[in-house]
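# Structural overview for review
Below are the chains, spelled out letter by letter.
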Amino acid sequence: MGKGGMSHGETKDGEDENMAAWLLGVNTLKIQPFKLPSLGPQDVRVRMKAVGICGSDVHYLKTMRCAHFVVKEPMVIGHECAGIVEEVGSEVKSLVPGDRVALEPGISCWRCDLCKEGRYNLCPDMKFFATPPVHGSLANQVVHPADLCFKLPDDVSLEEGAMCEPLSVGVHACRRANTGPETNVLVMGAGPIGLVTLLAARAFGAPRIVIVDVDDYRLSVAKDLGADEIVKVSTNLQDVDQEVVLIHQAMGTGVDVTFDCAGFDKTMSTALSATRPGGKVCLVGMGHNEMTVPLTPAAAREVDVIGVFRYKNTWPLCIEFLRSGKIDVKPLITHRFGFSQKEVEEAFETSARGKYCYQSHV
């Protein structure tokens, strides 16, 4: 019991107090109260039911930073999420209490030139769940714009709905690279983003997909998910030429598009060297802020390098892929945890070991 005879997380009027997982310092997470903002006319209040743990969440926990984003004050973690609408703003027409929704975590300004061009994912004023200083969604409840909450069909679970966020990265990458039925695809890295990129490329019609990684287990998962061939590689930059030969043998034809889902010197060098003349390399992963790569030989072969940052307008397509069965993300969900101090810590420890985890709110 807490002070005054109240249960932990209960307010004086008997209503549950909103609790969240706060990142307080390196390797320090604590569940504590999280006051919600007032509900605007175009907002909805959503009770979280499934929240995935992303690699960026683990980076923040281990280092208090991810790329150039630095945590300078306590922050609620989490951004891959789905839940049930509990309250709607006065002007919301598209949702009602009880609707099951997947949440797109980024709120753009809709006023800058990039937003007006439709590239709102590049908005310089983006407010994104669990990206400093914006709080995230690993909480009992959150308030979010209704137009960024997408209703789930009855046959798509809340866990699958939360998976729309990482899947959106793969879908956006495939769109950026114009992946289709005539596109033979190479994926560098069989981590979670590499795997969702594999699934997205297949859903977009890629006829042949080869995936590369240093880890046997990850490669076996990729094979089970439908990769046509897998190639194990080393971390040694000197092995690139030899491994490109192996990749070409596995592909059996030219590599039209390579998705680098790791973002290291070695993976990008391999991607640039393995892709056919006139092909495309799509940089999805951000392992290194700076890389030394053989760009001049790639330019001489007119290999296009395409950047990817988050996603835009992907939730409806992701939900349709899930509903239709063209993509099955359930094998990617390896662990489930409740929302308690002990289980949150266990979930992050498990995710740091390379597993895909969910905080389930029941």
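A quick note: this is a predicted structure, and the numbers were derived from the prediction, not measured.

## What to know about the sheet that holds strand 13 (residues 185-188)
- The strand order across the open sheet formed by six strands is 15-14-13-16-17-18, and the pairing between neighbours is parallel. Edge positions in the sheet fall to strand 15 (229-232) and strand 18 (304-307), since each of these pairs with one other strand and no more. Put simply, the sheet's adjacent strands are angled 20° from each other on average, direction ignored.
- Each of strand 13, strand 14 (209-213) and strand 16 (255-260) touches helix 5 (residues 192-203); the most contacted strand, strand 14, lies at about 175° to it.
- Sitting on the sheet, helix 6 (residues 216-224) touches strand 14 and strand 15, and the angle it makes with strand 15 is about 170°.

## Here we look at the sheet that holds strand 1 (residues 19-25)
- The strand order 2-1-6 describes an open sheet built from three strands, whose pairing is antiparallel. The open sheet terminates on both sides in strands that have one partner only, identified here as strand 2 (28-33) and strand 6 (75-76).
- With two bridges connecting them, strand 1 and strand 6 associate as antiparallel partners. Opposite Trp22, over in strand 6, you have Val76 as the bridge partner.
- Strand contacts of helix 1 (residues 55-63): strand 1, strand 2 and strand 6, with the helix running at about 45° to strand 1, the strand carrying the most contacts.
- Contacting strand 1 and strand 2, helix 11 (residues 341-352) runs over the sheet at an angle of about 145° to strand 2.

## Considerations on the packing of aromatic side chains
- What the rule picks out here adds up to six aromatic pairs.
- Taking the centre distance of 5.9 Å and the plane angle of 70° together, the rings of Phe204 and Phe321 count as edge-to-face. Of the two residues, Phe204 is situated in the loop between helix 5 and strand 14 and Phe321 in helix 10 (residues 315-324); the sequence distance between them amounts to 117 residues.
- By the ring-pair criterion, three or more aromatic residues cluster together here, those being Phe128, Phe150, Tyr311 and Trp315.
- Across the ring face of Phe128, the terminal group of Arg310 is positioned such that the distance to the ring centre comes to 3.8 Å.

## Some details on the pattern of salt bridges
- In total, this model carries 14 salt bridges according to the counting rule given.
- A salt bridge links Arg47 to Glu86; the nearest nitrogen and oxygen atoms lie 2.7 Å apart. Here Arg47, found in strand 3 (residues 43-52), pairs with Glu86, found in strand 7 (residues 80-88); they are 39 residues apart in sequence, far enough to count as distant.
- Overlapping salt bridges bring together Arg45, Arg47, Glu86 and Glu87 as one network.

## Re the state of the cysteines
- Throughout the structure, instances matching the rule amount to zero disulfides.
- Between Cys115, a free cysteine, and Cys112, which holds the nearest cysteine sulfur, the sulfur-to-sulfur gap is 3.6 Å.
- With a relative accessible area of 4%, Cys115 lands in the buried category.

## A word on the nonpolar core
- Core analysis: the biggest nonpolar cluster contains 59 residues, and Leu167, Leu195, Ile211, Phe259, Val284 and Ile327 have the highest contact counts within it.
- For this core, the secondary structure elements donating two or more residues are helix 3 (158-162), helix 4 (164-176), strand 13, helix 5, strand 14, helix 6, strand 16 and helix 10.
- When neighbours within four sequence positions are excluded, Val284 is seen to be in contact with Val169, Ala173, Ile193, Phe259, Asp260, Cys261 and Val308.
- Met48, Ala146, Phe337 and Val344 belong to the second largest nonpolar core, which has 40 residues in total.

## A few points about the environment of Lys312
- One can find Lys312 in the loop between strand 18 and helix 10.
- Given the relative accessible area of 25%, Lys312 is considered partly exposed.
- Apart from the residues within four sequence positions on either side, Lys312 is in contact with Gly118, Arg119, Tyr120, Asn121, His172 and Arg175.

## Brief notes about the packing of helix 1 against helix 11
- Direction vectors running N to C along helix 1 and helix 11 enclose 105°, while the axes themselves pass 10 Å from each other. By the angle class used here, helix 1 and helix 11 are roughly perpendicular. Between helix 1 and helix 11, the residues in contact are Asp57, Val58, Leu61 and Lys62 and Phe348, Ser351 and Ala352, respectively.
- Of the residues in the contact of helix 1 with helix 11, the class split is four nonpolar, one polar and two charged.

## Section: unusual backbone geometry
- The omega torsion of the bond from Pro132 to Pro133 falls at 5°, within 30 degrees of zero and hence cis.
- For Pro133, the position within the fold is in the loop between strand 10 (127-128) and strand 11 (141-145).
- A positive phi angle is found at Trp110, which is not glycine, with a value near 65°.
- Structurally, Trp110 is set in the loop between strand 9 (106-107) and helix 2 (113-116).

## Quick word on the confidence of the model for the chain
- On average, residues of the chain score 93 in pLDDT, and 94% of them are at 70 or above.
- Below pLDDT 50 for its whole length, residues 1-14 participates in 16 contacts with residues either more than four positions away or in separate chains.

## With respect to the pairing of strand 18
- Of the pairings in the sheet, the one linking strand 17 (residues 275-283) to strand 18 comprises four bridges and is parallel in character. Looking at strand 18, one finds that Val281 is bridged to Val305.

Reading guide: rules and limits
- Residues numbered from 1 in each chain as written.
- Predicted model: local features only at pLDDT ≥ 70, side-chain atom pairs only at ≥ 80, totals over all residues.
- Heavy atoms only, no water.
- Pairing = 2+ DSSP bridges.
- Helix = DSSP H or I, 4+ residues; strand = E, 2+ residues; numbered from the N terminus.
- Axes fitted to C-alpha atoms, helices over the stretch in contact; angles between N-to-C directions.
- Contact = heavy atoms within 4.5 Å.
- Phe/Tyr/Trp six-rings, centres within 6.5 Å; stacked < 30°, edge-to-face > 60°.
- Lys NZ or Arg CZ within 6 Å of the ring centre and 35° of its normal.
- Salt bridge = Lys/Arg side-chain N within 4 Å of Asp/Glu carboxyl O.
- Disulfide = S-S within 2.5 Å.
- Buried < 20%, exposed > 50% of the residue type's maximum accessible area, 1.4 Å probe, protein only.
- Core = buried A, V, L, I, M, F, W, Y, C linked by side-chain atoms within 4.5 Å.
- Parallel < 35°, antiparallel > 145°, perpendicular 65-115°, else oblique.
- Nonpolar A, V, L, I, M, F, W, Y, C, P; charged D, E, K, R; others polar.
- pLDDT = per-residue confidence, 0-100.

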